[in-house]
Number of protein chains: 2
Amino acid sequence: MTFQSRIKIAIIGAGPVGSLCACFMAEYGYDVTVYESRTDIRHTETTIGRSINMALSERGINALQFINLDNIVIDELAEPMYGRMIHSIDGRKYNILYDILENKCLYSVNRNDLNAVLLTKLEKYQNVKLNFSHKLVDIDFKTTQLTFETLENPQKIVKPDIVIGCDGAYSTVRKNMIRLPMFNYSQMYIDHGYLEINLPSNLNKDILSAHYLHIWPRGTFMLIALPNKDKSWTCTLFMPMDKFPLLLESETENILSFFYKHFKDFTNLIHPKYLIDQVKNGKARTLISIKCNPYHVNDNFLLIGDAAHAIVPFYGQGMNAGFEDCTLLNLLLNEYEHDLNTVIKMFTSRRIHDTEAISDLAFYNYTEMRDLVARKSFLWRKKIDNILQKWFPQTWIPLHSSVSFTTIGYKQCQLNNQCQNKILFLVLILFATMFGIAMYFIVMSTSTTISA
Amino acid sequence: MTFQSRIKIAIIGAGPVGSLCACFMAEYGYDVTVYESRTDIRHTETTIGRSINMALSERGINALQFINLDNIVIDELAEPMYGRMIHSIDGRKYNILYDILENKCLYSVNRNDLNAVLLTKLEKYQNVKLNFSHKLVDIDFKTTQLTFETLENPQKIVKPDIVIGCDGAYSTVRKNMIRLPMFNYSQMYIDHGYLEINLPSNLNKDILSAHYLHIWPRGTFMLIALPNKDKSWTCTLFMPMDKFPLLLESETENILSFFYKHFKDFTNLIHPKYLIDQVKNGKARTLISIKCNPYHVNDNFLLIGDAAHAIVPFYGQGMNAGFEDCTLLNLLLNEYEHDLNTVIKMFTSRRIHDTEAISDLAFYNYTEMRDLVARKSFLWRKKIDNILQKWFPQTWIPLHSSVSFTTIGYKQCQLNNQCQNKILFLVLILFATMFGIAMYFIVMSTSTTISA
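What you see is a predicted model, and the numbers here were worked out from it, not measured in a lab.

**What to know about the sheet that holds strand 11 (residues 156–158) of chain B**
Residue and element names in this part refer to chain B. As summarised here, the arrangement of the three strands in space is 9-10-11, forming an open sheet in which the pairing is antiparallel. Only two strands of the sheet have a single partner each, and these edge strands are strand 9 (135–140) and strand 11. Averaged over all neighbouring strand pairs, the angle between strand axes comes to 25°, with direction disregarded.

**With respect to the sheet that holds strand 9 (residues 135–140) of chain A**
Residues and elements named next belong to chain A. Judged by pairing direction, the sheet is antiparallel, and its three strands sit side by side in the order 9-10-11 without closing on themselves. Each edge of the open sheet is held by one strand with a lone partner, namely strand 9 and strand 11 (156–158). Between one strand axis and the next, the sheet turns by 25° as a mean value, whatever way the strands run. Sheet topology note: the strand 9/strand 10 (residues 145–149) ladder contains five bridges and is antiparallel. When the bridges of strand 10 are listed, Asp-138 appears paired with Thr-147.

**Some details on unusual backbone geometry**
The omega torsion across A:Asn293 and A:Pro294 is 0°, close enough to zero to call that bond cis. Of note, A:Pro294 is situated in the loop between strand 17 (285–293) and strand 18 (296–297). Phi at B:Met182 is positive, roughly 65°, even though this residue is not glycine. Examined against the element boundaries, B:Met182 turns out to sit in the loop between helix 5 (172–177) and strand 13 (184–199).

**Quick word on the UniProt feature "transmembrane region" (unreviewed entry) in chain A**
In this structure's numbering, the residues bearing the UniProt feature "transmembrane region" (unreviewed entry) are residues 423–443 of chain A. The span residues 423–443 of chain A is 100% helix and 0% strand, and its two end C-alpha atoms sit 30 Å from each other.

**Focus: the interface of chain A and chain B**
On the side of chain B, 15 residues touch chain A, which itself brings 15 residues to the contact. Both sides together, the interface formed by chain A and chain B hides about 1,300 Å², and carbon and sulfur atoms give 58% of it. A per-residue breakdown of the area chain A buries against chain B is headed by A:Met182, A:Gln187 and A:Tyr189, which together make up 45% of the total. The interface formed by chain A and chain B contains eight residue pairs in polar contact (both at pLDDT 80 or more). Tallying contributions element by element places strand 13 (residues 184–199) of chain A first for the side of chain A that touches chain B, with eight residues. Of the residues in the side of chain A that touches chain B, the class split is 10 nonpolar, four polar and one charged. As defined by bridge partners, strand 13 of chain A adjoins strand 13 of chain B across three bridges and the pair is classed as antiparallel. Bridge assignment links A:Ser186 to a residue of strand 13 of chain B, and that residue is B:Ser186.

**Observations regarding the nonpolar core**
What tends to happen in soluble globular proteins is that the nonpolar side chains get buried as a cluster. Formed by 162 residues in total, the largest nonpolar core has its most connected members in A:Leu146, A:Ile164, A:Ile304, B:Leu146, B:Ile164 and B:Ile304. Setting aside residues up to four positions removed in sequence, A:Ile304 forms contacts with A:Val17, A:Cys21, A:Ile164, A:Gly165, A:Cys166, A:Asp325, A:Cys326, A:Leu329 and A:Phe347.

**A closer look at the domain arrangement of chain A**
Residue and element names in this part refer to chain A. With domains assigned, chain A is organised as domain 1 (4–84 + 109–187 + 288–368), domain 2 (189–286) and domain 3 (375–433). Computed from C-alpha atoms alone, the centre-to-centre distance between domain 1 and domain 2 is 30 Å. Counting residues at the interface gives 24 residues for domain 1 and 23 residues for domain 2. Both sides of the domain 1 and domain 2 interface together cover about 2,200 Å² of buried area, and 58% of this is carbon and sulfur.

**Notes on the packing of aromatic side chains**
In this description, an aromatic ring pair is defined by two values, namely the gap between the centres and the angle between the planes. Residue and element names in this part refer to chain A. Applying the stated criterion across every chain, the model contains 39 aromatic pairs over all chains. Plain terms: the ring middles of Tyr-35 and Phe-148 are 4.2 Å apart, the flat faces sit at 20° to each other, and that makes the pair stacked. Here the residue Tyr-35 occupies a position in strand 2 (residues 31–35), and Phe-148 occupies one in strand 10, the gap between them amounting to 113 residues. Both residues of the pair, Tyr-35 and Phe-148, count as buried. Among the aromatic residues, ring-to-ring pairing joins Trp-216, Phe-221, Phe-258, Phe-259, Phe-263 and Phe-266 into one connected group. Above the ring of Trp-380, the side-chain terminus of Lys-383 is found at 5.2 Å from the ring centroid.

**Quick notes on the relation of the copies chain A and chain B**
The transform that puts chain A on chain B rotates by 180° and translates by 0.1 Å along the axis, for an RMSD of 0.1 Å. Such a turn and shift between the copies fits a two-fold axis. Residue A:Ser186, judged by its C-alpha, is the member of chain A lying nearest the rotation axis, at 2.0 Å. A symmetric contact is evident, with 100% of the interface residues of chain A recurring at the interface of chain B.

**A closer look at the environment of B:Lys345**
All names here are of chain B. Among the secondary structure elements, Lys-345 is positioned in helix 12 (residues 340–370). Take Lys-345: its relative accessible area is 45%, and that puts it in the partly exposed class. With sequence-adjacent residues up to four places away left out, Lys-345 is seen in contact with His-296, Asn-298 and Asp-299.

**Concerning the pairing of strand 5 (residues 83–87) of chain A**
Residues and elements named next belong to chain A. Burial analysis of strand 5 places five of its five residues in the buried class, the great majority of the element. With five bridges connecting them, strand 5 and strand 6 (residues 93–97) associate as antiparallel partners. Its bridge partner lying in strand 6, Met-85 is registered against Asn-95. Where strand 5 hands over to strand 6, the hairpin turn is made up of five residues, of which Gly-91 adopts a positive phi near 95°. In this structure, strand 5 lies alongside strand 14 (residues 213–217), joined through three bridges in parallel fashion. The residue of strand 14 that forms the bridge with Met-85 is His-214.

**Some points on the environment of B:Trp391**
The residue B:Trp391 is located in helix 13 (residues 376–391) in this model. Each C-alpha atom, one on B:Trp391 and one on B:Ile344, is 42 Å from the other, the two residues being 47 residues apart in sequence.

**Here we look at the pattern of salt bridges**
Side chains bearing opposite charge may pair, as long as their charged atoms lie close to each other. Under the definition given, this model contains 30 salt bridges over all chains. Between A:Arg350 and A:Glu335 there is a salt bridge, with the nearest N and O atoms lying 3.0 Å from each other. Taken together, the residues span a long stretch of sequence, with A:Arg350 in helix 12 (residues 340–370) and A:Glu335 in helix 11 (residues 318–335) at a distance of 15 residues. Two residues, B:Asp277 and B:Lys273, come together in a salt bridge whose shortest N-O distance is 2.9 Å. On the criterion of helical spacing, the pair formed by B:Asp277 and B:Lys273 is a turn pair, its members being four residues apart in helix 9 (residues 272–281).

**Some words on the pairing of strand 13 of chain A**
Residues and elements named next belong to chain A. Most of strand 13 is tucked away: 12 of the 16 residues are buried. Pairing of strand 13 with strand 17 involves eight bridges; the strand directions are antiparallel. Among the inter-strand pairings, Tyr-185 is bridged to a residue of strand 17, identified as Cys-292. As paired strands, strand 13 and strand 16 (residues 233–240) are joined by eight bridges and run antiparallel to one another. Along strand 16, the bridge assignment pairs Leu-199 with Trp-233.

Analysis parameters
Residues numbered from 1 in each chain as written. Chains lettered and ligands numbered in written order. Predicted model: local features only at pLDDT ≥ 70, side-chain atom pairs only at ≥ 80, totals over all residues. Heavy atoms only, no water. Pairing = 2+ DSSP bridges. Helix = DSSP H or I, 4+ residues; strand = E, 2+ residues; numbered from the N terminus. Axes fitted to C-alpha atoms, helices over the stretch in contact; angles between N-to-C directions. UniProt positions renumbered as here; feature names shortened; annotations may be inferred. Contact = heavy atoms within 4.5 Å. Buried area = accessible area lost by both parts, 1.4 Å probe. Polar contact = N/O pair within 3.5 Å; in protein donor to acceptor, adjacent residues only side chain to side chain. Nonpolar A, V, L, I, M, F, W, Y, C, P; charged D, E, K, R; others polar. Core = buried A, V, L, I, M, F, W, Y, C linked by side-chain atoms within 4.5 Å. Buried < 20%, exposed > 50% of the residue type's maximum accessible area, 1.4 Å probe, protein only. Domains from an automatic or database assignment. Phe/Tyr/Trp six-rings, centres within 6.5 Å; stacked < 30°, edge-to-face > 60°. Lys NZ or Arg CZ within 6 Å of the ring centre and 35° of its normal. Least-squares fit on C-alpha atoms with pLDDT ≥ 70 in both. Salt bridge = Lys/Arg side-chain N within 4 Å of Asp/Glu carboxyl O.

Below, the structure is given as structure tokens:
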């Protein structure tokens, strides 16, 4: 019996991050029990409008590698996306590749499919117990006592040694922490919300070319489409929350004319009735951004994933950041030789600058996606970035590439980008000055010639 | 029967802001019921270390005027404070008056005394019901149904038309709102906490001169003393939370030597045993800053006072801001002709910029009190402010005066201060330039004279 097997770890939440974290702990031989409030997602039907696609990238893949799931996920669940395909209002299309050096891609993965693979993997560990329909109702932080409401028992009590809260943006673990002194917390809803629209598979490939993330940027709102493995598409309309009632409660013809006006090529792909049904029966959902500090309470309660730092979805980094939390846990476990209490106390200071950076970057990326990608200045900057990246592949890594295709800390990615912006600004000034001086000499020499 | 008397208003919390708000609503003839979770403060003994003094100023007084309590409070409960008395580490003392034009003052008032006067006033209205020991346990925002736990009834249900949450920084009303979509919220604890120390009345007036707020600024920490009507003093030690355990768990001699080292004249005033007892039995308390947006849910739930915008106590504006919320409610009631639903919906947009400004100013004032007041640059700036205020009494109102002695919106006070800073900076540049030019001419004329 190893010392790990005597330590009882409770993981709250069996979503992708909770399942992955449980796998990590199980690999080390800890006595792991997972508690999920919902039923097993593998036996639950997905409701339309809540399918949710994730963009798996380097950080997520890197974490999956530890439990040898990276190739399985990529081969069996994922659709690659090599760049953004922009659909202009005038019907033109152009692509912006994610990576011009090695043609790296993001992987569009259905949340539930990924979750199911992780749960199936989790079940194979002998030292893991998986409990569904266990709703956490109370936490005693002093005694580490957890109370669950289950189908059979309204007050099931357990006393683990360590509790890791992976119960998502609306985390119950965190809700209990908010009452504690010195726990800083903020929840911010952005003004924009979203509506999901499903697009079936029989499509015109000229309009919706496979292997791209399609964007219809329209300034204050946008539509995006992510490919699924079954060749269907998960599309999402983002726009200000206060504009949604106007659309959802409109007459059929007004809804259609809205879609025709702003997303003509997209609307041509979908049967009008199917579109109308989804819009009229759809619900605009809100987008929340969560920040806490610290992520731990005492030395035995920890929050990771969305429970600790839910971000807006515009960088496709929410799940990747949650998976990277597991990688950091792994690193700290080795660094502190499995002294779990120290690991938990060190986690916040080692993670918070990165999670705050990606939170800010995700906000910024919404402006980029719905507005900037349609602007000439953005495309010029992208071209300059591409040239510099070709010349200095090791040092000039554009922001999107460093966030999506490296495991450089998010904060460092942000700092590098700020540095790149400064360099480009200085070069611009230098060129302008040199141009000015050159013009001066040209004018002077011309006037000398004339007077001569 | 007026239309007001048919509208049932529930006020949650019978603290100073809740009681005042109830009085305002009662004046207009509404059917008001107040629910307070604690017992009647008038029959409860105050525990040492939780006496809490307030600095009542113009905004608070202005609100009390509406129910004719301003003079009673000032005459019977308040001790005036005409300025700050700074105690240097070397034993020197100097004062900084609050108002050099009319010698205006802040009023030091005991929270419970003020609360008691307001409750007694409240009881006189026929259209007010006052319920103590009523703990709010649930809110149904759709039906406006409130559930209370009382001594007799574990589930007392009421259904008012309007609910105003005045239940302080740890508000239960707000806790229920946090779960609702589009409710933005943040709680932030500052790194510093406080410990209250009571000083009895038989004092050496040379050291602790009456009618001042005494400050012992020591850079990263400070001690302050506010006078009470019974000639005792309520003193508060503010310092980083992580330093408190070191002090509170120290040996007697170490505690005494800490106080002798940093606050010698203060320590001479208090019997060592009495000081030690308070420190050893004392508890360091945290300081929280709360922000929400919006302050309302639907058109019938509203938060005011600390429940909506708890701030750190360094500007002495917490209660004044809460009382000013009542004044704004009053203003809106008249502006919208008692259409309460509109009043509630309009409150946030009319108030939030001011409450966010005072929240920031209160943070800033901590640096000013514990550090800046001891610096020469601060005292010079104060002198310049005083001169300009004498020259332009209508236009040059220094920040502290505009916050404490006017009812100019907090945001406007902040903007005016930023404008004043810019003007002084420009004038400084102008003087420096003029000085440079003058020096140039002097040097030139001297060298001309010499060469001549």
